[in-house]
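Single-letter residue listing:
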Amino acid sequence: MGEFGELIGDPLDREFFDRPAEEVAPDLLGRVIAHGPVAVRLTEVEAYGLPGQDPASHVYRGRTERNAVMFGAPGHLYVYFTYGMHHCANLVCLPEGTGSAVLLRAGEVIRGAEVARARRAAAGNGNAVNGGAGDGGAGEGDAPPGGRSIPDRDLARGPARLAVALALTREHNGLDCCGSGPVRVFTGEPVSPELIRSGPRVGVSAGREIPWRFWVDGHPTVSPYRPHVPRQRT
DNA sequence: TTTCTGATCTTCT
DNA sequence: GAAGATCAGAAAC
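Basis of the calculations
- The numbers attached to residues start from 1 for each chain and follow its sequence in the written order.
- Throughout, the order in which chains and ligands are written sets their labels, letters from A for the former and numbers from 1 for the latter.
- Given that the model is predicted, a residue must reach a pLDDT of at least 70 before its local features are reported, and side-chain atom pairs must reach 80 or more before they are shown or counted; all residues, however, enter totals for whole chains, interfaces and linings.
- Excluding hydrogens and water, the side-chain values take into account all heavy atoms of the structure.
- Under the DSSP-based scheme used, a helix requires at least four consecutive residues in state H or I and a strand at least two consecutive residues in state E, with every element numbered from the N terminus.
- What a helix should span is 1.5 Å times the count of its residues minus one.
- Burial here depends on accessible area, computed with a 1.4 Å probe over protein chains only, as a share of the maximum for the residue type. Under 20% is buried, over 50% is exposed, and the range in between is partly exposed.
- Should any heavy atoms of two residues lie within 4.5 Å, those residues are considered in contact.
- Here a residue counts as near a molecule or strand whenever at least one of its heavy atoms sits within 4 Å of it.
- For this classification, the nonpolar set comprises Ala, Val, Leu, Ile, Met, Phe, Trp, Tyr, Cys and Pro, the charged set comprises Asp, Glu, Lys and Arg, and every other residue, Gly included, is treated as polar.
- The nonpolar core is taken to be a set of buried Ala, Val, Leu, Ile, Met, Phe, Trp, Tyr and Cys residues, with the residues joined through side-chain atoms within 4.5 Å.
- Only centres within 6.5 Å qualify two rings of Phe, Tyr or Trp (six-membered ring in Trp) as a pair; their planes then separate them into stacked at under 30 degrees, edge-to-face at over 60, and tilted for everything else.
- We call a charge positioned above a ring when the Lys NZ or Arg CZ atom is no farther than 6 Å from the ring centre and deviates by at most 35 degrees from the ring normal.
- Between Lys or Arg on one side and Asp or Glu on the other, a salt bridge is scored when a side-chain nitrogen of the former is within 4 Å of a carboxyl oxygen of the latter.
- DSSP-based pairing: two strands are paired if at least 2 bridges between them are found.

1. Quick look at helix α4 (residues 113-124)
So, step 1. In a regular helix each residue adds 1.5 Å, so 12 residues correspond to 16 Å; α4 covers 16 Å between its end C-alpha atoms and thus fits that length.
So, step 2. Of all the positions in α4, only Val 115, Ala 116, Arg 117, Ala 118, Arg 119, Arg 120 and Ala 121 are classed as buried.
So, step 3. Contacts made by the buried residues of α4 are with β2 (38-48), β5 (100-111) and α5 (159-165).

2. Some details on the side chain of Arg 19
So, step 1. On the secondary structure map, Arg 19 appears in the loop between α2 (14-17) and α3 (21-28).
So, step 2. According to the relative accessible area criterion, Arg 19 is buried, its value standing at 18%.

3. What about the protein's contact with DNA strand C?
So, step 1. Close to DNA strand C lie 23 residues; Tyr 80, His 86, Asn 90, Arg 120 and Arg 161 are nearest.
So, step 2. Sugar and phosphate atoms form 48% of the subset of DNA strand C atoms that lie within 4 Å of the protein.
So, step 3. Where the surface near DNA strand C is concerned, the elements lending two or more residues are β4 (86-93), β5 and α5.
So, step 4. For the surface near DNA strand C, the leading source of residues is α5, giving three residues.
So, step 5. Classifying every residue of the surface near DNA strand C gives nine nonpolar, eight polar and six charged.

4. Notes on α3
Since the α-helix advances by 3.6 residues per turn, residues separated by three or four positions end up pointing in the same direction.
So, step 1. Within the span of α3, buried status applies to Ala 21, Val 24, Ala 25, Pro 26 and Leu 28.
So, step 2. Count one or two residues on from α3 and you reach Gly 30, which has phi positive near 90°.

5. Let's talk about the nonpolar core
Nonpolar side chains in soluble globular proteins tend to end up buried together.
So, step 1. If you look at the biggest cluster of nonpolar residues, it comprises 40 residues, and the most contacted ones within it are Phe 17, Leu 28 and Leu 104.
So, step 2. If one sorts the elements of this core by residue count, β2 sits on top with five residues.
So, step 3. For Leu 28, the residues in contact, after removing those within four places along its chain, are Phe 16, Phe 17, Leu 42, Val 45, Leu 91, Val 102, Leu 104 and Val 185.
So, step 4. Tyr 48, Val 69, Tyr 78 and Leu 103 belong to the second largest nonpolar core, which has 13 residues in total.

6. So, the packing of aromatic side chains
So, step 1. For the structure shown, the criterion picks out two aromatic pairs.
So, step 2. With a centroid separation of 5.1 Å and an interplanar angle of 75°, the aromatic rings of Phe 16 and Phe 17 are classed as edge-to-face.
So, step 3. Both rings, one in Tyr 78 and one in Tyr 80, keep their centres 5.6 Å apart while their planes meet at 35°; by these two values the pair is tilted.
So, step 4. When the ring centre of Tyr 48 is taken as origin, the NZ or CZ atom of Arg 201, which lies over that ring, is 4.7 Å away.
So, step 5. Over the aromatic face of Trp 215 sits the side chain of Arg 213, whose NZ or CZ is 4.4 Å from the ring centroid.

7. Describing the environment of Phe 81
So, step 1. Within the secondary structure, Phe 81 is located in strand β3 (residues 77-82).
So, step 2. Expressed as a C-alpha distance, the spacing of Phe 81 and Arg 66, which sit 15 residues apart in the sequence, is 9.6 Å.

8. With respect to unusual backbone geometry
So, step 1. Of note, the phi angle at Tyr 83 is positive, near 55°, even though the residue is not glycine.
So, step 2. Residue position: Tyr 83 is located in the loop between β3 and β4.
So, step 3. Its identity as a non-glycine residue notwithstanding, Ala 167 has a phi of 55°, on the positive side.
So, step 4. Tracing the backbone through its elements, the reader meets Ala 167 in the loop between α5 and β6 (183-186).

9. Description of the pattern of salt bridges
So, step 1. Taken as a whole and assessed by the stated rule, the structure comprises 14 salt bridges.
So, step 2. Between Arg 41 and Glu 189 there is a salt bridge, and its shortest N-O distance comes to 3.9 Å. Note that Arg 41 is positioned in strand β2 and Glu 189 in the loop between β6 and β7 (196-199), a separation of 148 residues in sequence.
So, step 3. Between Arg 117 and Glu 114 there is a salt bridge, with its nearest N and O atoms 3.1 Å apart.

10. Concerning the pairing of strand β1 (residues 32-35)
So, step 1. Side chains of β1 alternate between two faces, with Val 32 and Ala 34 and Ile 33 and His 35 buried alike.
So, step 2. Two elements, β1 and β2, share four bridges in a ladder whose sense is antiparallel. For His 35, the partnering residue across the bridge sits in β2 and is Val 38.
So, step 3. Count of turn residues in the β1/β2 antiparallel hairpin: two residues, of which Gly 36 carries a positive phi of about 60°.
So, step 4. Direction of pairing for β1 relative to β6: antiparallel, over a ladder of four bridges.

Shown next, in the form of structure tokens:
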């Protein structure tokens, strides 16, 4: 024992998140977020800033029913549904009432890879991201069509995939990650500063000049940069 | 390997 | 009514 314990470390306290998102984000690299049997070591994150200041942030225009959690206490989970089929998970930063968060973009599954793979396979089978969160033990999954299995590096590569691997849905919106809840964040192994890179955020149309995307240089789980492309409807 | 497109639905103006 | 913090598969090269 102890193998995973050493990899995961101690739970992060609330003070860790009581800082600006652009400061918390690079510090989150190498940290571990765990939900049930699955643990993911973060390799790519994005900071989203304050109302009226960061046009790419959900809180830019102020508080709404959807983004209310971002105005809550630090260390809480903000999960939203996007593009009609995907969930994305954030960790709230700064004191209550402020409104900022860090988007979890990608990570490396260091525990529970088979459970994560089964969740990914189930989500890819046509079911939109299916929670199934409560039961931690259901690891039995059917193989993906064609017998191809998802490589470890792709299990949590991208914000929606990471949410699936950790079985995070809107049910978990507002969950406290610094308490005794099912989702926790641990110290993990902090990444040395010379390996941390920053650049423009992926897929955002506004605020693209702000280099608040942070990733571990050369890590295979980091998603490729894709600039925002407006969708055309027929 | 890279580029392009369709699927899907919530949120906000 | 329009846009969106995306992804997977197909087509092109």
